[in-house]
Amino acid sequence: MRSALLFLLTFCCFHSFAFSTSTDLKQLAQDPKWAAMLHYSAAEPGEQAMSFVDDDDFFLAPNGVSDLYAELQASIKQLIAKPELQCLFPGRTLWLSQVVNGFKDTLPSIDCPEYQDWRKRVNTDSVVLVFASSQLNSPSSMYGHTFFRFDPPNVKAESTYLSYALNFGANLPADAGGIGYAIKGLTGGYPGYFAANPYFEKIKEYTRTENRDMWEYKLDLSDSEIDLLMAHVWEMRDINFDYFFFDENCSFRLLELIDVVQSETDLSAQFPGTATPIDTVRAFEAANLIKETNYRPSVMTQLEFQLAQLNEEQRALTHLLAYDLSIMDSERFKQQDKASQQLVIDSAYRYLRYKSIGNFDDKSINKRSFKLLKSINKTQFKKVAKAPAPKSPEKGHKTGLMALSAGDSAGKAFVDMTYRTTYHDLLDPILGYPDGMSLNMGKLVVRAIGDDIKLQQAELLDITSLSARNLFLSPLSWQTNVGLERQWTKGKDTLVAQGRAGVGVTYELIANSQLFAMVTARLEYNDKLKNELSIAPGWQAGYRQVFEFGNLLIESKKHFVLDDFSRFETKLAQSFDLKEQGALIIEWQYNKVDDESFNEASLQYRYYF
Amino acid sequence: MKKLLIASTLFASSSAMAVAPGGPNCGWGNMIFEGQAGAGSHIVALTTNGSSGNASFGMTFGTNGCSTEGKLTYGGKEMIDVSLIMDEFSEDVARGEGEALTAVAVSLGVDAQDRALFAETLHNNFDAIFPSEEATTEHVVSTMFVVLKEEKSLAKYVS
């Protein structure tokens, strides 16, 4: 009786294509592509599947946000009854026409001039995934960023400047700024939208303003997949998703877009938690979606590459020339061979352009830039080489870490188990990562020692940024760390809460090395101290060398707990990169607390996942 | 390649654009090195990858007051808004190659086989197109048109 009624209802609603029965449609509603098109999350068992979309305009059924079948029924019905909806939902219309028997024949045809005009203008022939890599001294960029670029046919011979870049990001109030806004941004406090720019604005933003290298991955999609993708992208116009930094972020939304056209790869389901941009690039690669890779160095990378080709005298000339154009007439300059002269002028120009970022009102920089540009115009006789691509970031180690170490602490054997959510420290294999950067979140170390099993460390955040100063650049190096850790305090191994920060300088005396020194300040909560909450100023200095096989790190730090005592620590560590997502680390540490001292030595195996 | 004396023609042609394309604040007065904003000082960009203002979906340019969608018309010809890429464009013209230069050629409809000549022509006339660091977009574009008109096989793209 019930099914007969259902049939009758179905028949009333979909009289014109009786061959799509309600059973068929119920089954179709479970098609992964339909769920992807509605941006449903992969539901946990026993949990109601829901769409990530936070916008009523996106659904045609009142309960479409949580009912795939209802939305499917409503879509079929309303796209026929109100043909103008086809212009708002060309993706659904296209897909339903492909999979629902008779739907296409029943659908009243309608012109969608706005949509068609957009498709014509964007004129997409290929889709490129763009990764803007992390940059050492800009926390906002540290995890990188991804977006899509849509290229017209024949883009290689032409220019990607006019290509269409599609970016998912939060839409911020004009007065947004400050840490409160940042925290709100972490937790979905801002609406997220897809927005488009011409690609050259992105090139300027990343390679010039923010000095970030860009990686462009051409995707292997068929024409019909691109057609459906573009139709679906149009549906996302002005549709709001709340933006979450860790999971529902820029990179996650792109995965969902690919799931619409390639449900078999099921990319978004691979990221139920944090979607770190570079990990999502790896997912594209693992699904064989990457056809071609192109590297676009930042202004700074290009400058450093050119400076590295010059000898010391030529580098000095470059720096002088940037401030005094008469150097070009000097004997020192004229002694150089023609190719070097050209490179000196070109590098001085790039250096000035770099200096002008954020400083474009400085008329004297502009004046000298222009004069150098004129000289480039006159002396150009050989193409200036582009900085070669380093190892691409998706080839680097994965961002999750589990480690096991065994060692001896003050004569007692111990075993440590370490888990780190993300991302990269100064001993991890460097390939694919920016050098001198350590960025870690959520690290947990549990130690078994003697008969005890105890929490050794719970680190919330750890950032170290070592950028070398030289004739041209004078960046500051800095660090910050927040978490729980064990400290030997007055004869007891004590778990303390601490936060510390430091700032200082780094120099590169030999290639691929960093010699650094910082002043530090530490705030510690420790009930064994004279004052439970204490401030401890201090210093930290060290040397790091990157070898082909791994990294060497030697560092010492001291801090003076005010009105109490001091701690000193020296550490020597060498890592060896292993082939399959692994590394071995040997480490020796000397600690002196007040007038007690002890050693610790260990061997650690790291596995990245 | 002949170099051109164009100062006089310049004034004649610039009057053709009494109304700035794309609206009055559209960057026709932009100079070569303008528009290099500093790195985002907003900490909020840390967590959102977002930007202030309205998200747009066409290719509109929110930054410099233009009401166009990435393209302008100049003398009835549609082309890329050079005011947004003055820095890159001047550099490419100085070198005689580059993506900004190609983008301008493509946006003017210059055929693939004429692009080398297009690049060379602009390269050889760098001094006229960019007389100083204070050259405005208006000057750059109008001079470029004059230079191109003088070159037989390129004239068709700007007339």
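Residues numbered from 1 in each chain as written. Chains lettered and ligands numbered in written order. Predicted model: local features only at pLDDT ≥ 70, side-chain atom pairs only at ≥ 80, totals over all residues.

1. Concerning the overall build of chain B
Inference 1: Within chain B, the secondary structure is distributed over seven helices and three strands.
Inference 2: Put simply, chain B runs from its N terminus to its C terminus through helices and strands in the order α-α-β-β-β-α-α-α-α-α.
Inference 3: For chain B, buried positions account for 47% of its 159 residues.
Inference 4: Summarising the internal contacts of chain B: among those between residues at least 6 apart in sequence, 64% fall at separations of at least 24. (Helix = DSSP H or I, 4+ residues; strand = E, 2+ residues; numbered from the N terminus. Buried ≥ 20, exposed ≤ 12 C-beta atoms within 10 Å, placed from the backbone. Contact = placed C-beta atoms within 7 Å.)

2. Remarks on the overall build of chain A
Inference 1: Within chain A one finds 18 helices and 20 strands.
Inference 2: Dimensions of chain A along its principal axes, counting C-alpha atoms only, are 90 × 75 × 45 Å.
Inference 3: Scored against the burial criterion, the 609 residues of chain A give a buried share of 39%.
Inference 4: Across chain A, contacts joining residues at least 24 apart in sequence account for 61% of those joining residues at least 6 apart.

3. Let's talk about unusual backbone geometry
Residue and element names in this part refer to chain A.
Inference 1: Phi at Asn288 is positive, roughly 55°, even though this residue is not glycine.
Inference 2: Considering the arrangement of structural elements, one finds Asn288 in the loop between α13 (277–286) and β7 (290–296).
Inference 3: Taking the number of C-beta atoms within 10 Å as the measure of exposure, Asn288 has 9 and is therefore exposed.
Inference 4: Although it is not a glycine, Asp594 sits at a positive phi angle of roughly 55°.
Inference 5: Within the element layout of this structure, Asp594 appears in the loop between β19 (582–593) and β20 (596–608).

4. A look at the packing of helix α4 (residues 99–107) of chain B against helix α5 (residues 115–124) of chain B
Relative orientation and spacing of two packed helices are given, respectively, by the angle between their axes and the distance between those axes.
Residue and element names in this part refer to chain B.
Inference 1: α5 packs onto α4 with a crossing angle of 115° between their chain directions and a minimal axis gap of 10 Å. With respect to the hand of their crossing, α4 and α5 are arranged in right-handed fashion. For the pair formed by α4 and α5, the contact residues are Leu101, Thr102 and Ala105 on the first element and Arg115, Phe118, Ala119 and Leu122 on the second. (Axes fitted to C-alpha atoms, helices over the stretch in contact; angles between N-to-C directions. Left-handed = near helix turned anticlockwise from the far one by under 90°.)

5. Details of the nonpolar core
Inference 1: Membership of the largest hydrophobic core comes to 118 residues, with the highest contact counts inside it found for Leu129(A), Leu166(A), Ala348(A), Val104(B) and Ile129(B).
Inference 2: Discounting residues that sit within four places of it in the chain, Ile129(B) has contacts with Val93(B), Leu122(B), Val140(B), Thr143(B), Met144(B) and Val147(B).
Inference 3: Formed by seven residues, the second largest nonpolar core is a distinct cluster that contains Tyr143(A), Ile430(A), Tyr433(A) and Met437(A). (Core = buried A, V, L, I, M, F, W, Y, C linked by C-beta atoms within 7 Å.)

6. Some words on the pairing of strand β13 (residues 477–489) of chain A
Every other side chain in a regular strand lies on the same face of the sheet, so the side chains alternate between the two faces.
Residue and element names in this part refer to chain A.
Inference 1: Sheet topology places strand β11 (residues 452–465) next to β13; eight bridges connect them, and they run antiparallel. Its bridge partner lying in β13, Ile463 is registered against Thr480.
Inference 2: Where β13 and strand β14 (residues 492–507) come together, 13 bridges link them in antiparallel fashion. Following the sheet pairing, Gln479 is matched in β14 by Gly502.
Inference 3: Between β13 and β14, which follow one another and run antiparallel, lie two residues, and Lys490 among them has a positive phi close to 50°. (Pairing = 2+ DSSP bridges.)

7. What about the packing of helix α3 (residues 86–95) of chain B against α4(B)?
Residues and elements named next belong to chain B.
Inference 1: Two numbers describe how α3 lies on α4: the axes approach to 7 Å, and their chain directions differ by 100°. Classified by the interaxial angle, the pair formed by α3 and α4 is roughly perpendicular. For the pair formed by α3 and α4, the contact residues are Glu88, Phe89, Asp92 and Val93 on the first element and Ala100, Leu101 and Val104 on the second.
Inference 2: Grouping the constituent residues of the contact of α3 with α4 by class yields five nonpolar, no polar and two charged. (Parallel < 35°, antiparallel > 145°, perpendicular 65-115°, else oblique. Nonpolar A, V, L, I, M, F, W, Y, C, P; charged D, E, K, R; others polar.)

8. Here's the deal with the environment of Gln30(A)
Inference 1: Counting through the fold element by element, Gln30(A) comes out in the loop between α2 (22–29) and α3 (32–37).
Inference 2: For the pair Gln30(A) and Leu68(A), spaced 38 residues apart in the sequence, the C-alpha separation amounts to 7.2 Å.

9. Structural notes on the environment of Lys557(A)
Inference 1: By secondary structure assignment, the location of Lys557(A) is in strand β17 (residues 551–560).
Inference 2: Note on Lys557(A): 19 C-beta atoms within 10 Å, which makes it partly exposed.

10. Some remarks on the environment of Asp127(B)
Inference 1: With respect to the helices and strands, Asp127(B) occurs in helix α6 (residues 126–129).
Inference 2: Assessed through the 12 C-beta atoms surrounding it within 10 Å, Asp127(B) is described here as exposed.

11. Here's the deal with the confidence of the model for chain B
All names here are of chain B.
Inference 1: When pLDDT is averaged along chain B, the result is 69; 53% of the residues meet or exceed 70.
Inference 2: The low-confidence segment residues 51–55, where pLDDT is below 50, has 11 contacts with residues more than four positions distant or belonging to other chains.
Inference 3: Long-range and interchain partners of residues 59–70, a stretch whose pLDDT sits below 50, account for 34 contacts in this model, where long-range means more than four residues apart.
Inference 4: As a predicted assembly, this complex carries a pTM of 0.87 together with an ipTM value of 0.83. (pLDDT = per-residue confidence, 0-100.)

12. With respect to the confidence of the model for chain A
Inference 1: Predicted confidence across chain A gives a mean pLDDT of 89, with 93% of residues reaching 70 or more.
Inference 2: Low pLDDT, under 50, characterises residues 1–16 of chain A; the stretch is placed with 10 contacts to residues that sit more than four places away or in other chains.

13. Some remarks on the pairing of strand β15 (residues 513–525) of chain A
Residues and elements named next belong to chain A.
Inference 1: Of the two faces of β15, the one holding Gln514, Phe516, Met518, Thr520, Arg522 and Glu524 is buried and the one holding Ser513, Leu515, Ala517, Val519, Ala521, Leu523 and Tyr525 is not buried anywhere.
Inference 2: Here β14 runs beside β15; their pairing, made up of 11 bridges, is antiparallel. Among the inter-strand pairings, Gly502 is bridged to a residue of β15, identified as Thr520.
Inference 3: Counted between consecutive antiparallel strands, the loop separating β14 from β15 contains five residues, among which Asn512 sits at a positive phi close to 60°.

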